[in-house]
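# Architecture and fold: a report
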Amino acid sequence: MPKLFVLLLFCTVFVESTLAQIDKKATKETKRLYQSLAKISKKNILFGHQHATEYGHGWAGDQNRSDVKSVTGSHPAVIGIDFSGLSGRSKEQIAKTAEALRKNVVDTYHRGGITTVAWHFSNPASEGGFYWKDSVSSASMALIKPDGSHHEKYKEILKTVADFAHSVKGQDSTLAPMIFRPYHEFDGDWFWWGKSHCSREDFISVWQFTITYLRDSLDVHNFIYAFSPDCKFTTEQEFLERYPGDEWVDMLGMDNYADFGRNGKYNLALGIKKLKIVSDYAKKANRLAALTETGLESIPNPTWWTETLLKALKSEKMNLAYVLVWRNDVKSPTHFYAPFPTQTSVADFLKLYDDPYTLFEKDLKHIYRKKRFLFF
């Protein structure tokens, strides 16, 4: 056997083994996506946008449209969806929501893009939706954990999530992989699963049960599991305060609007410091890392894309798989996080788009299938 072939074979096996996912039965496409993200993060970063192809600034439901595509000619590489509509509604409403989401995920998969899933999970034990509302919301993490009063109801909700995961089949009958990001921003107090509303032990118990039940009992094998607090940390110890353990997480992330210009306040150095904590721990743990949410509402700074975001992402030699900015509301004239034609930051966004460091959907190739080596 030629020495070059042996070396390449060894390197391929070694890279894949050091970035093993927590689901040993993950589908081939999910494993391949995981390895593709690891490779991409060494030299590039994917650009993502929440709800990009579902709706945008002044429109909704158009086929093959996104505000990012209208500006650049390409969809974002990462498309954010939400499982919020898969519980707390009638069966008919859930079925309608699931079908629309299924089409979105499968269409993205067929185009070669990537889906990431947030979960604005309505409180299963009280009114109030996913936000915490004093005198209305229940502290429900203690109720849905194993042996809790609402544990069986939680299992029913997870069954609905699993049914959806099993439904997203492409034309070749393979399942579309998804980056699943439950219980995000848990270090804040605005959601019912937030830090003030549950103990560290209960949070970790629910996280570990969620993965175990989806993966081992419901046979969901097309999820990559992402852990993403908000930005209320300045040390690795604070970042990991509610971390369930490396064996329960595939990707580490952070949601950070505060340091990147929210309410006109910039602290780019602090934002970079926090991103480096995420990236450095992911490297130590052989996990992926990402800036799972960020953005500047209304984008009033016309050079925000290159002078703030890109500058931060390129600093400190961090390995980040993707960055995702939040949604563009259909009706609101001010609630948007990605540019649309005529928006004042378009010219600067095109500079970010043209930068070799950033990748969009049209730049992606072979992310779900292993590229064969050719030897001459």
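Structural notes, computed from the coordinates. Here the residue numbers are simple positions, counted from 1 along each chain's written sequence. Only residues with pLDDT of 70 or above have their local features reported here, since the model is predicted, and side-chain atom pairs are shown and tallied only from 80 upward, although totals for entire chains, interfaces and linings are computed over all residues. The basis for every side-chain value is the complete set of non-hydrogen atoms in the structure, without hydrogens or water.

Attention now goes to the packing of helix α4 (residues 91-111) against helix α6 (residues 151-167). At a closest axis distance of 10 Å, the pairing of α4 and α6 adopts a crossing angle of 35°. The interaxial crossing formed by α4 with α6 has right-handed handedness. On the side of α4, the interface is formed by Ile 94, Ala 98, Leu 101, Arg 102 and Val 105, while α6 contributes Thr 160, Phe 164 and Ser 167. Gly is placed with the polar residues, together with every amino acid not listed as nonpolar (Ala, Val, Leu, Ile, Met, Phe, Trp, Tyr, Cys and Pro) or charged (Asp, Glu, Lys and Arg). Across the contact of α4 with α6, the residue classes break down as 5 nonpolar, 2 polar and 1 charged. Helix axes are fitted only over the stretch in contact, all axes being lines through C-alpha atoms; the angle between N-to-C directions runs from 0 to 180 degrees. Each helix is a run of H or I in the DSSP string that is no shorter than four residues. Each strand is a run of E no shorter than two, and both are numbered from the N terminus. In this scheme, a crossing is called left-handed if the near helix is turned counterclockwise away from the far one by less than a right angle; it is called right-handed if the turn is clockwise. Residue contacts are counted whenever heavy atoms from the two residues lie within 4.5 Å of one another.

The next point concerns the nonpolar core. Membership of the largest hydrophobic core comes to 115 residues, with the highest contact counts inside it found for Phe 83 and Tyr 183. Per-element accounting of this core gives the leading share, 8 residues, to helix α7 (residues 200-217). Once residues lying within four places of it in the same chain are set aside, the contact partners of Phe 83 are Leu 101, Val 117, Ala 118, Trp 119, Val 161, Phe 164, Met 178, Phe 180 and Phe 223. Each nonpolar core is a collection of buried residues, namely Ala, Val, Leu, Ile, Met, Phe, Trp, Tyr and Cys, held together in the definition by side-chain atoms within 4.5 Å. Burial classification: accessible surface area is computed with a 1.4 Å probe over protein chains only, and a residue below 20% of its type maximum counts as buried, one above 50% as exposed, and the rest as partly exposed.

Each Phe, Tyr or Trp ring, with Trp reduced to its six-membered ring, pairs with another whose centre is within 6.5 Å; inter-plane angles below 30 degrees give stacked pairs, above 60 give edge-to-face pairs, and intermediate values give tilted ones. Considering all chains together, one arrives at 41 aromatic pairs under this definition. Ring geometry for Phe 186 against Phe 227: centres 5.1 Å apart, planes inclined by 45°, an arrangement best described as tilted. Of this pair, Phe 186 sits in the loop between β6 (178-181) and α7 while Phe 227 sits in strand β7 (residues 223-227), placing them 41 residues apart in sequence. In terms of burial, Phe 186 and Phe 227 fall into one category: buried.

We count a salt bridge whenever a side-chain nitrogen from Lys or Arg sits within 4 Å of a carboxyl oxygen from Asp or Glu. Following the criterion strictly, the structure yields 18 salt bridges and no others. Asp 107 is the salt-bridge partner of Lys 103, the closest N and O atoms lying 2.7 Å from each other. Within this pair, Lys 103 and its partner Asp 107 are both found in helix α4, separated by 4 residues, close to a single helical turn. Residues joined in a network through salt bridges with shared partners are Arg 181, Asp 255 and Glu 293.

Bringing α6 into the picture now. Taking 1.5 Å per residue, 17 residues should reach 24 Å; α6 reaches 25 Å between its end C-alpha atoms and fits that length. Burial in α6 covers these residues: His 151, Tyr 154, Ile 157, Leu 158, Val 161, Ala 162, Phe 164 and Ala 165. The buried side chains of α6 occupy one side of the element, clustering within an arc of 155° when seen end-on. Where α6 is buried, its residues contact α4, α5 (141-144), β6, α7 and β7. Multiply 1.5 Å by the residue count of a helix minus one, and that product is the helix's expected span. Arc, as used here, means the arc of the directions from the helix axis to the C-beta atoms.

The next subject is helix α11 (residues 346-354). What α11 keeps buried is the set Val 346, Asp 348, Phe 349, Leu 352 and Tyr 353. Projected onto a plane normal to the axis of α11, the buried residues spread over an arc of 160° and lie on a single side. Turned more than 90 degrees off the buried face of α11, the exposed positions are Ala 347, Lys 351 and Asp 354. If you follow the buried residues of α11, they end up packed against β1 (45-50), α3 (67-72), α10 (304-314) and β11 (358-359).

A two-sided burial pattern is seen for strand β10 (residues 322-325), the buried positions comprising Tyr 322 and Leu 324 on one face and Val 323 and Val 325 on the other. The pairing of β1 with β10 spans 4 bridges and is parallel. For Gly 48, the partnering residue across the bridge sits in β10 and is Leu 324. Orienting the strands away from the viewer, one traces the path from the first strand over the helix to the second; a clockwise path indicates a right-handed crossover. Between strand β9 (residues 288-294) and its parallel partner β10, the chain crosses via α10, and the hand of that crossover is right-handed. In this description, strands pair whenever DSSP reports at least two bridges between them.

Right, let's talk about the side chain of His 197 for a bit. Relative to the helices and strands, His 197 is located in the loop between β6 and α7. Judged by relative accessible area, which is 14%, His 197 ranks as buried. Two N or O atoms count as a polar contact when they lie within 3.5 Å, although within protein this holds only if one can serve as hydrogen donor and the other as acceptor, and sequence-adjacent residues are included solely when both atoms are side-chain atoms. Within the local environment of His 197, its side chain forms a polar contact with the backbone oxygen of Asp 189, the two atoms lying 2.9 Å apart. Setting aside its immediate chain neighbours within four residues, His 197 contacts Trp 132, Ala 139, Asp 189, Phe 191 and Trp 192.

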